[in-house]
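What the coordinates show
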Protein chains: 2
Amino acid sequence: MQSKELPHVIIIGCGFGGLEAARSLAGAPVRITLLDRSNHHLFQPLLYQVATAGLSAPSIAAPIRHMLRRQRNCTVLMAEVTGIAKAARRVSLADGQQLTYDALIVASGATHSYFGRDEWAEHAPGLKTLADAFKLRARLLSAFERAETLASPAEREPWLNFVVIGAGPTGVEMAGTLAEIARHTLRDEFRRIDPAAARVLLLEGSERVLQAFQPALSAKAQQQLEGLGVQVRTRCKVVAIDASGVELEEQGGERQRIPTHTVVWAAGVAASPLGRALEVPLDRAGRVIVDGSLNIPGHPEVYVIGDLAAAQSHEKDGSSRPVPGVSPGAKQMGRHAARQIMARLILNRPGGQTLPPFRYRDYGSLATIGRKAAVADVGRLQFSGYFAWLFWLFIHIYFLIGFRNRLVVLMDWAWAYWSFQRYARIVVDDSKA
Amino acid sequence: MQSKELPHVIIIGCGFGGLEAARSLAGAPVRITLLDRSNHHLFQPLLYQVATAGLSAPSIAAPIRHMLRRQRNCTVLMAEVTGIAKAARRVSLADGQQLTYDALIVASGATHSYFGRDEWAEHAPGLKTLADAFKLRARLLSAFERAETLASPAEREPWLNFVVIGAGPTGVEMAGTLAEIARHTLRDEFRRIDPAAARVLLLEGSERVLQAFQPALSAKAQQQLEGLGVQVRTRCKVVAIDASGVELEEQGGERQRIPTHTVVWAAGVAASPLGRALEVPLDRAGRVIVDGSLNIPGHPEVYVIGDLAAAQSHEKDGSSRPVPGVSPGAKQMGRHAARQIMARLILNRPGGQTLPPFRYRDYGSLATIGRKAAVADVGRLQFSGYFAWLFWLFIHIYFLIGFRNRLVVLMDWAWAYWSFQRYARIVVDDSKA
């Protein structure tokens, strides 16, 4: 079906960056092999909704090969990449196969970082994959269930304390939604405990929530969180996490222990370990430092994009600033890499700069907090509250993949809005702990 | 909230039987404690649709405490029962708690039986819980993915052979749907393999598929299965299952080995191990033999219902016949047990027969085979094909729990019908094997 003579482009990872790169090469005279460990593309901005039982997994995940079925120049393989040999232009897979490439796009993303405290991972799961979301959902729902089975308030307390670490967009969304679940969704369903008595703590190391936003919006976000019942603690350092609680230190304050069995990690992100396999300079977070063409030094055929890349946006005035780790950044890098490949491989301009260096177009930032609460920072416009929340809903449904998913998510949210219910409240767990 | 003086009814298990018993006691002057290992009631007749990626899990599972939130006399606990002390009227939970009862309904259902070959379980998972369905879904979808990564047809073959063992309703549904996925759903999505070349084998030990139906309908079902591309083998005994294949023996034939990595077990059912804890006579399948009141011998306060019970239907003419292991049977037993409890505990008729002995009302049997194919055996009417399939759709949507789920499932099926797609094609698996 595909001519062996055509140049071979390998893309590793089918997140926002890898998918956009593959699509940008549709119709181009290349053979593409798209490798991903999982069989689906995940709409990560809504992953917290799966973790908090508001959406079912298939609503935010689509089979990669189905999305690309009409792109005949693209072969999708569900496979794990174990190594990259730059000199030989070869990628090794976990099953022992080796594939050679003419151009390579590495877009394997990021994972959690516990800042060297990997033993915390067990007690404070993060949120990057559907498996993570299911694990978190099971823990959150089971905590209320466990509390209901226990006789004394003292035994129940640690099951009714929820701690979210890190007040970036994910942490803020998780904390806001958890408070909403405790106060509204579970109302009248328990006989021994009052779920509204649950305590939701949001801990942040820096001086404000949503650091990437304007300070005024951070303040609004904190107000809205507190309105939902979340206890926000900024300038607060986590010093220990174990099976029975979290130990924290507030600036100028004393150490304090919060007894809890339910901790959500939304603090640290580290680049995928595949960055190291390239044997090139990395930044402190393990991200690969790329040039204006998104290449690594000395290898104009190797591109690194998305969360794995430490890329600069080259502004028109000659200055540069880091590209933020958000989905529009990954998509724009995917498009840029695809265009470079076409220019070099197909139009036969193998060396040097063929396109202007990468420039990130910032369309703004959005974060939701909970029911009718969000903040938006769009160009010169900053707004918060109900209108920001509607805007957030609209944008997320617009960018969801597939007509069916847009329709179903819209319906689910309308239903949730009127009923205060979350329909995916199921614990699927073999251990049933 | 609940008076301690009221009689305490414990119900173990919230399948069709347990749920119906709890609901039938709504408003009665009793305290009910409903115990279940999981937090959701599962609509098991559609579980195969989750396993074959046609529906998402929340569409067929509802949180038990949400379903019963308005029934103030009922406390729901997510807990595992580890023992029953009949003489002391006491139930022990896995966390060490003990609960005493005035009446007990045991409705803990059934699990898979591998006829003493428990080592087969690993290679041939069955389908009873949502965790089972996810495991099967991951295996089925990953098999096609693995085949696509392999270079030689010989390596691919075992990944494109699918074996379903047992041609009862679940086996027939699984085999028909698998054939449909291979021939329609995955069309055009692979570049190296042709999914339509996959072989789906349905193995049955007896002389026909769907033994519970009239022989003419069994023949129709087999025709329809073969029309979808399923290879049906009856009078076929499975003698071995391991990681690389299934060994079978056809009547009068030789032993044969089918190389496959994907086997579905739909053959044997064994009653829940809780039946043994009652220390009363069991039948060969481990089910508890109950009398016309659904009680165990000498304990009019202990009821066993649903798949765990070996119950007789006491006909008006004095004859009796076994109650089949289907959801209407479980529901009717749940209602019967609840009525007995009300008569004995509340109307103070503690001894003997207070209601006529249990009689099962048979409204017929239905089984679907795949797209536009089903068989129906309803009283004097037997029919098959398109109309039976529509009838099957209607009945299953009617009995689904919750308005939202009915609407969503109806939409999902309409969409699947027109598009040939199955939207829940995601593999959620940590190991990513």
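This structure is a prediction, so every number in the text was calculated from the model and none was measured.

**Some thoughts on the pairing of strand E12 (residues 199-203) of chain A**
Residues and elements named next belong to chain A.
- Judged by how many residues are buried, E12 sits mostly within the fold: 4 of 5 residues are covered.
- Examined bridge by bridge, strand E11 (residues 161-165) and E12 share 5 bridges and lie parallel to one another. When the sheet's bridge partners are listed, Val-163 is paired in E12 with Leu-201.
- Between the parallel pair E11 and E12, the chain is carried across by helix H6 (residues 169-185), and the sense of this crossover is right-handed.
- Regarding the hand of the β-α-β motif, the stretch spanning E12, helix H7 (residues 215-228) and strand E13 (residues 230-233) is right-handed.

**What to know about the UniProt feature "transmembrane region" (unreviewed entry) in chain A**
- In the numbering used here, UniProt assigns the "transmembrane region" (unreviewed entry) feature to residues 383-401 of chain A.
- When the span residues 383-401 of chain A is considered, its composition is 74% helix and 11% strand, and the gap between its end C-alpha atoms is 27 Å.

**Quick notes on the sheet that holds strand E6 (residues 81-85) of chain A**
All names here are of chain A.
- Pairing is antiparallel across the open sheet formed by 3 strands, whose spatial order is E6-E7-E8. For this open sheet the edge positions go to E6 and strand E8 (98-100), each flanked by a neighbour on one side alone. Across the sheet, the mean angle separating the axes of adjacent strands is 20° when strand polarity is ignored.

**Topic: the packing of helix H4 (residues 130-149) of chain B against helix H5 (residues 153-160) of chain B**
Residue and element names in this part refer to chain B.
- Two numbers describe how H4 lies on H5: the axes approach to 8 Å, and their chain directions differ by 175°. Taken together, the axis directions place H4 and H5 in an arrangement best described as roughly antiparallel. Contacts between H4 and H5 pair Ala-143, Phe-144, Arg-146 and Ala-147 from the former with Arg-156, Trp-159 and Leu-160 from the latter.

**Quick notes on the UniProt feature "domain: FAD/NAD(P)-binding" (unreviewed entry) in chain A**
- In this numbering, the UniProt entry assigns the feature "domain: FAD/NAD(P)-binding" (unreviewed entry) to residues 8-316 of chain A.
- Helix makes up 25% of residues 8-316 of chain A and strand 31%, with an end-to-end C-alpha separation of 33 Å.

**Focus: the packing of aromatic side chains**
- With the rule as written, the count across this model stands at 31 aromatic pairs over all chains.
- On the numbers, 6.3 Å between centres and 25° between planes, the contact of Phe-394 of chain B with Tyr-398 of chain B is stacked. Placement of the pair is Phe-394 of chain B and Tyr-398 of chain B together in helix H10 (residues 386-399), with a separation of 4 residues, close to one helical turn.
- Overall, Tyr-398 of chain B belongs to the exposed group, its relative accessible area being 53%.
- Three or more aromatic residues joined by ring pairs make a cluster, and in this case those are Tyr-114, Phe-115, Trp-120 and Trp-265 of chain A.
- Above the ring of Phe-190 of chain B, the side-chain terminus of Arg-65 of chain A is found at 4.0 Å from the ring centroid.
- When the ring centre of Tyr-417 of chain A is taken as origin, the NZ or CZ atom of Arg-371 of chain A, which lies over that ring, is 4.6 Å away.

The rules behind each value
- Residues numbered from 1 in each chain as written.
- Chains lettered and ligands numbered in written order.
- Predicted model: local features only at pLDDT ≥ 70, side-chain atom pairs only at ≥ 80, totals over all residues.
- Heavy atoms only, no water.
- Buried < 20%, exposed > 50% of the residue type's maximum accessible area, 1.4 Å probe, protein only.
- Helix = DSSP H or I, 4+ residues; strand = E, 2+ residues; numbered from the N terminus.
- Pairing = 2+ DSSP bridges.
- Right-handed = clockwise from strand over helix to strand, strands pointing away.
- UniProt positions renumbered as here; feature names shortened; annotations may be inferred.
- Axes fitted to C-alpha atoms, helices over the stretch in contact; angles between N-to-C directions.
- Parallel < 35°, antiparallel > 145°, perpendicular 65-115°, else oblique.
- Contact = heavy atoms within 4.5 Å.
- Phe/Tyr/Trp six-rings, centres within 6.5 Å; stacked < 30°, edge-to-face > 60°.
- Lys NZ or Arg CZ within 6 Å of the ring centre and 35° of its normal.

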